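What follows is the residue order along each chain.
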Amino acid sequence: MAVAVSNCYFSVLTSTVKFRSAVSAAQPSLAASLWSGSSCHTIKPVCRSNGAASNSRRGDKSRSEKEGVKKKLIGNGDVLSGGGGGKKGRSQQAAYKPFGTQRKEKKESVADQKEKKQAETRNLQDADFLNAVVKVYCTHTAPDYSLPWQKQRQFTSTGSAFMIGDGKLLTNAHCVEHYTQVKVKRRGDDTKYVAKVLAKGVDCDIALLTVEGEEFWKGAEPLHFGSLPHLQEAVTVVGYPLGGDTISVTKGVVSRIEVTSYAHGSSDLLGIQIDAAIILVIVVVLHSMTKESALVWHFRSEEAENIGYVIPTTVVSHFLNDYERNGKYTGFPCLGVMLQKLENPALRACLKVESVEGVLVRRVEPTCDAHNVLKEGDVIVSFDDVHVGCEGTVPFRSNERIAFRYLISQKFAGDVAELGIIRAGEFMKVKAELNPRVHLVPYHIDGGQPSYLIIAGLVFTPLSEPLIDEECDDSIGLKLLAKARYSLARFKGEQIVILSQVLANEVNIGYEDMSNQQVLKLNGTSIKNIHHLAHLVDSCKHKYLVFEFEDNYITVLEREGALASSTSILKDYGIPAERSSDLLEPYVDSVADGQANQEDLGDSPVSNLEIGFDGLIWA
């Protein structure tokens, strides 16, 4: 295999193969990619040549073949792969050699190229960095969100991980989601070692693993992170994708670097687009022949063939630094504002913005610190003294611009950012603390198992994206879907509590057909979250329990009869407890009633995925 020497990077690809009831499906996966901008002698083990040429022309040609591509410098020095160019330095005498001699030399040249390509392939197969890529075997047991007291049938998957030193490995978070057991196996070894999950970052789709057995690390050479690649840099993606058991290698190039949406965590972070032909996988990449690596995550695009996306080293380093700082992963912070671009001159003039810069604040989330210093109508013109353009972009490397959200993603939870704003024509600077976003309807459940509360057969649980996916849109209803997509949390800890289903019993006659309806109040008190609902039921002294639902529907239960029926209902349906373990903890109310009773913030899309055009952006 020909390998690009100048500014090349290698990728370690991870795929996940799902096995459940004899049905196989591809899952996203992680890979790592390595690159180096140094000369060919730094990657001599991979591009080693057999023999030397006797004249300068042959020597130049040999070096070109070692590099795998002819380098062409364009713009600010980016390197492109290409062929040709070898005839430019050829002597005139070679052009007038007899035809038979030219044909013979051509055959010898083709044979030499084939031999050298085979040698390069053998050297790549023996390269140390391939041994740093391991196969992951995971057993998953996902929660049953419709029956929250139990879990689904377990299934297994395979993926990829790579060594980063200090006894740790990196893989994709989705590869170990809802794990019950994780094992890893090195290339060329039949022994599987049990791995421990140290941290998971669902928003960036990265997980950190470790293996305690010393035998697993014997002779291992970990990979180290390098810098971001440039456009058109060659990529070799390595890993264990769908379609076989052994390691897989494929090639491509870097085609784009921008802020993109991560499907697993529904977050917007820096991503690298590559055109490597990956078969039904999501990948993470490392890069470098000199053991410098950059993590990447890759998945196949459904809209275009041979397009995938990569998690860059900046995101991976943020994940690892967060873990080292806090002993756990706390997440990427956000500013918590919805912004509108200021491309229109009349709009800028109306806001008294004289320069062609800045973005307009249209909404500030009540749960973020920026709510205390920013107002609707403010124009953000700088972030930590970096000027923000009228399209919501900031400078990025040389001759590039990138979305303003990139600067926010470089911060850690608890960091303070200085914002330059224009308010009513006056410039001022304000400071805001950045913290992870509070989701009214979470994309993932902390701890894995959803909360639930059963009262006289009425099953209550918080609304979540996994529950919506499991129940399907039709059974959830348009109102709940609209709240999930367009409502913001009014305070930390707020949840949409729904009546999931009714377990039929004589105590709840007439209510059996109710399902997936939001409960708003109990005995006139607004419900803040499911823990608050459990507290209201436990502390209730009234004769009746009166539940008020959406659409002005109410259900009334006799309190003592409802509590007395609990034991028989649990026995009839084989349910271990009337509530989840987290609801056994004492309830602490940290929210003022005024916050809970304020008007629902339900007129703005909750993420960039729900915004129909690019004039508005969440930061």
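What counts and how
Residues numbered from 1 in each chain as written. Predicted model: local features only at pLDDT ≥ 70, side-chain atom pairs only at ≥ 80, totals over all residues. Heavy atoms only, no water. Helix = DSSP H or I, 4+ residues; strand = E, 2+ residues; numbered from the N terminus. Buried < 20%, exposed > 50% of the residue type's maximum accessible area, 1.4 Å probe, protein only. Contact = heavy atoms within 4.5 Å. Areas by Shrake-Rupley, 256 points an atom, 1.4 Å probe, with all protein chains shown as cover. Expected span 1.5 Å × (residues − 1). Phe/Tyr/Trp six-rings, centres within 6.5 Å; stacked < 30°, edge-to-face > 60°. Lys NZ or Arg CZ within 6 Å of the ring centre and 35° of its normal. Salt bridge = Lys/Arg side-chain N within 4 Å of Asp/Glu carboxyl O. Arc of directions from axis to C-beta. Core = buried A, V, L, I, M, F, W, Y, C linked by side-chain atoms within 4.5 Å.

### A closer look at the overall build of the chain
Working step 1: The helix and strand tally for the chain stands at 15 helices and 35 strands.
Working step 2: The 619 residues of the chain split such that 50% are buried.
Working step 3: Excluding contacts between residues fewer than 6 apart, the proportion of contacts in the chain whose partners are at least 24 apart in sequence is 66%.
Working step 4: About 29600 Å² of surface is accessible on the chain, with carbon and sulfur atoms providing 48% of the total.

### Examining helix H7 (residues 313-326)
Working step 1: Taking 1.5 Å per residue, 14 residues should reach 20 Å; H7 reaches 20 Å between its end C-alpha atoms and fits that length.
Working step 2: Along H7, the positions that sit buried rather than exposed are Thr313, Val315, Val316, His318, Phe319, Leu320, Asp322 and Tyr323.
Working step 3: Glycine 327 sits one or two positions beyond H7 and adopts a positive phi of about 75°.

### Some words on the packing of aromatic side chains
Working step 1: Tallied over the full model, the rule gives eight aromatic pairs.
Working step 2: Of the aromatic side chains, those joined through ring pairs into one cluster are Tyr193, Phe216 and Trp217.
Working step 3: Over the face of the ring belonging to tyrosine 137 we find lysine 192, whose NZ or CZ atom lies 4.0 Å from the ring centre.

### Overview of the pattern of salt bridges
Working step 1: The tally for this structure, following the rule as stated, stands at 18 salt bridges.
Working step 2: As a salt-bridge pair, glutamate 365 and arginine 437 come within 2.5 Å of each other at their nearest N and O atoms. Separated by 72 residues along the polypeptide, glutamate 365 in the loop between strand S21 (359-364) and strand S22 (379-383) and arginine 437 in the loop between strand S27 (426-433) and strand S28 (453-455) bring together distant segments of the chain.
Working step 3: The exposure class of glutamate 365 is buried, given its relative accessible area of 3%.
Working step 4: Taking the relative accessible area as the measure of exposure, arginine 437 reaches 24% and is therefore partly exposed.
Working step 5: Of the charged contacts, one joins lysine 483 and glutamate 550 as a salt bridge, the two residues approaching to 3.0 Å between their closest N and O atoms.

### Things to note about helix H11 (residues 478-486)
Working step 1: For H11, the set of buried residues is Leu480, Leu481, Lys483 and Ala484. All buried residues of H11 lie within an arc of 160° about the axis, which places them on one face of the element.

### Regarding the environment of leucine 374
Working step 1: Here leucine 374 shows up in the loop between S21 and S22.
Working step 2: Once the C-alpha coordinates of leucine 374 and valine 364 are considered, the two residues, ten residues apart in sequence, prove to be 7.3 Å apart.
Working step 3: When neighbours within four sequence positions are excluded, leucine 374 is seen to be in contact with Val337, Val364, Ile380, Leu419, Ile421, Arg423 and Val430.

### Remarks on the side chain of serine 382
Working step 1: Relative to the assigned elements, serine 382 resides in strand S22.
Working step 2: With sequence-adjacent residues up to four places away left out, serine 382 is seen in contact with His387, Val388, Glu418, Leu419 and Gly420.

### As for the nonpolar core
Working step 1: Among the nonpolar cores identified, the biggest contains 75 residues, and Leu170, Val315, Phe319, Leu335 and Leu374 are the most heavily contacted of them.
Working step 2: Considering every element that reaches this core, the biggest residue donor is H7, with five residues.
Working step 3: Listed in part, the 25 residues of the second largest apolar core include Ile455, Leu533, Leu536 and Phe549.

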